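Fold and contact review
One-letter residues, chain by chain:
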Amino acid sequence: MTCFIGLQRYTIVAEKTPAVGKVLWFLYFFMFEHALFQIFVVLLQPTMKQLPLLPVIIGTGFGAGFWPWGPGTAGAVLATLIWLALHTVLPLWPLALVTLLLIVVFTALGTWATARLQPFWGEDPSRVVVDEMVGVWTPLLLATNWQTALLALLLFRFFDILKPLGIRSLDRRQGAFWVMADDLLAGVYSAVVLELVIIVGACLS
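Okay, so let's go over this structure. Remember, it's a predicted structure, so these values are computed and weren't measured experimentally. Each residue is numbered by its place in its chain's sequence as written, counting from 1. A pLDDT threshold of at least 70 governs which residues receive local features in this predicted model, and a stricter bar of 80 or more applies before side-chain atom pairs are shown or counted, although totals over entire chains, interfaces and linings include all residues. Side-chain metrics rest on all non-hydrogen atoms present in the structure, leaving aside hydrogens and water.

1. Thoughts on the nonpolar core
Side chains that are nonpolar tend, in soluble globular proteins, to be buried together. Nine residue types can take part in a nonpolar core, namely buried Ala, Val, Leu, Ile, Met, Phe, Trp, Tyr and Cys, and a core is a set of them joined through side-chain atoms within 4.5 Å. Exposure is judged per residue with a 1.4 Å probe applied to protein chains only, and the accessible area is read against the type maximum: over 50% gives exposed, under 20% gives buried, and values in between give partly exposed. By size, the foremost hydrophobic cluster in this structure holds 40 residues, and its most contacted members are Trp83, Trp121, Val134, Val136, Trp137 and Leu140. When residues of this core are traced back to their parent elements, those giving at least two are helix H3 (53–59), helix H4 (71–87), helix H5 (92–121), helix H6 (130–140), helix H7 (146–162) and helix H9 (176–204). For this core, the element with the most residues is H4, which contributes 8 residues. If sequence neighbours within four positions are ignored, Leu140 has contacts with Thr80, Trp83, Ala149 and Ala152. In DSSP terms, a helix is any run of H or I states spanning at least four residues, a strand is any run of E spanning at least two, and both are numbered starting from the N terminus. Residues are treated as being in contact if the distance between any of their heavy atoms lies within 4.5 Å.

2. Some points on H4
By this rule, a helix spans an expected 1.5 Å times one less than how many residues it contains. Between its first and last C-alpha, H4 extends 24 Å over 17 residues, near the 24 Å set by a 1.5 Å rise per residue. Among the 17 residues that make up H4, 13 are buried, leaving the element largely enclosed by the rest of the structure.

3. Examining H7
Compared with the 24 Å implied by 1.5 Å per residue over 17 residues, the 24 Å span of H7 between its first and last C-alpha is a close match. Turning to H7, its buried residues number three or more, namely Thr148, Ala149, Ala152, Leu153, Leu155, Phe156, Arg157, Phe159 and Asp160. Residues of H7 that are buried make contact with H4, H6, helix H8 (167–171) and H9. Polar contact is defined as a pair of N or O atoms within 3.5 Å, subject to the rule that within protein one atom must be able to donate a hydrogen and the other to accept it, and that residues adjacent in sequence are counted only when both atoms are side-chain atoms. Put simply, Asn145 is the residue that caps the front of H7, since its side-chain oxygen is 3.2 Å from the backbone nitrogen of Gln147. Count one or two residues on from H7 and you reach Lys163, which has phi positive near 55°.

4. Things to note about the packing of aromatic side chains
Each Phe, Tyr or Trp ring (for Trp, its six-membered ring) is paired with any other whose centre lies within 6.5 Å, and the angle between the two planes then decides the class: stacked below 30 degrees, edge-to-face above 60, tilted in between. Under the definition given, this model contains 7 aromatic pairs. Aromatic side chains Phe66 and Trp121 sit 6.3 Å apart centroid to centroid with 85° between the ring planes, which places their arrangement in the edge-to-face category. Of this pair, Phe66 sits in the loop between H3 and H4 while Trp121 sits in helix H5, and the two are 55 residues apart along the sequence. Classification of Phe66 by relative accessible area gives buried; the value is 11%. Chaining the aromatic ring pairs together yields one cluster made of Phe62, Phe106 and Trp137. Directly above the aromatic system of Trp121 lies the positively charged group of Arg127, at a separation of 5.2 Å from the ring centroid. Here, a charge over a ring is recorded when the distance from Lys NZ or Arg CZ to the ring centre is within 6 Å and its angle to the ring normal is within 35 degrees.

5. A short note on a nonpolar patch on the surface
Taken together, the side chains of Leu54, Leu100, Leu101, Val104, Val105, Leu109 and Trp112 define a hydrophobic patch exposed on the protein surface, amounting to about 600 Å² of accessible area. A per-element tally of the nonpolar patch places H5 first, with 6 residues. Residue position: Leu109 is located in helix H5. Since its relative accessible area comes to 32%, Leu109 is described here as partly exposed. Note that patches include only residues with greater than 30% relative accessible area and no salt bridge, and the join distances are 9 Å for like charges and 5 Å for nonpolar side chains (Val, Leu, Ile, Met, Phe, Trp, Tyr). Surface accessibility in these figures is a Shrake-Rupley result with a 1.4 Å probe; residues are shielded only by whichever protein chains are displayed. Just to be clear on terms, a salt bridge is a Lys or Arg side-chain nitrogen sitting within 4 Å of an Asp or Glu carboxyl oxygen.

6. Let's talk about the environment of Val136
Among the structural elements, Val136 can be located in helix H6. Sequence spacing of Val136 and Leu78 is 58 residues, and the spatial spacing of their C-alpha atoms is 9.9 Å. Setting aside chain neighbours within four positions, we find Val136 in contact with Ala76, Ala79, Thr80, Ala152, Leu153 and Phe156.

7. Digging into the pattern of salt bridges
A complete count under the given rule lists 3 salt bridges for this structure. One salt bridge in this structure joins Lys163 and Asp160, with 3.4 Å as the shortest N-O distance. Of the two residues examined, Lys163 and Asp160, each falls in the buried class. Each of Arg157, Asp160, Lys163 and Asp182 takes part in a single network of salt bridges with overlapping partners.

Put into structure tokens, the structure is as follows:
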């Protein structure tokens, strides 16, 4: 049912967008609908009924955190797909402003949601992936096309997984804000490397 709804929306949007946009919108709607379906299924379980709904939706990145294989990667991929979907309808400068707004808003909401979920799921639960979403949006501020967006995603996951240059020390701190902070720092490092790659590429072209 959830996939059918996504396919219906995809069909409507695909009629108005270029070929690449069709693929991106399909991936976005499929993953988004799947994520919402997972929230619905999990909240129906008796042990989950006491969980606050809105923090679950925000904290799990609209359900991406329930993905069984690499929830952090799923959250980062979903955030990248959201950016790519926006890229198909917005010019670069408005897109950068919207991305910055997403970072600010979801950093605040993510901190709040994480604090609400920590009593249920622990200090830094794997299901909470809003931090990965905010983290990958940071280098996406500099992205200009799907190629640089993909590179931003790969760079972010590299820094987020290995946690070099002070990221791990932030990750070890206690509190909801620090759950967000280490991914923001990983995003900053990713943005620096991405900008260097873009500059070098421009010089060589």
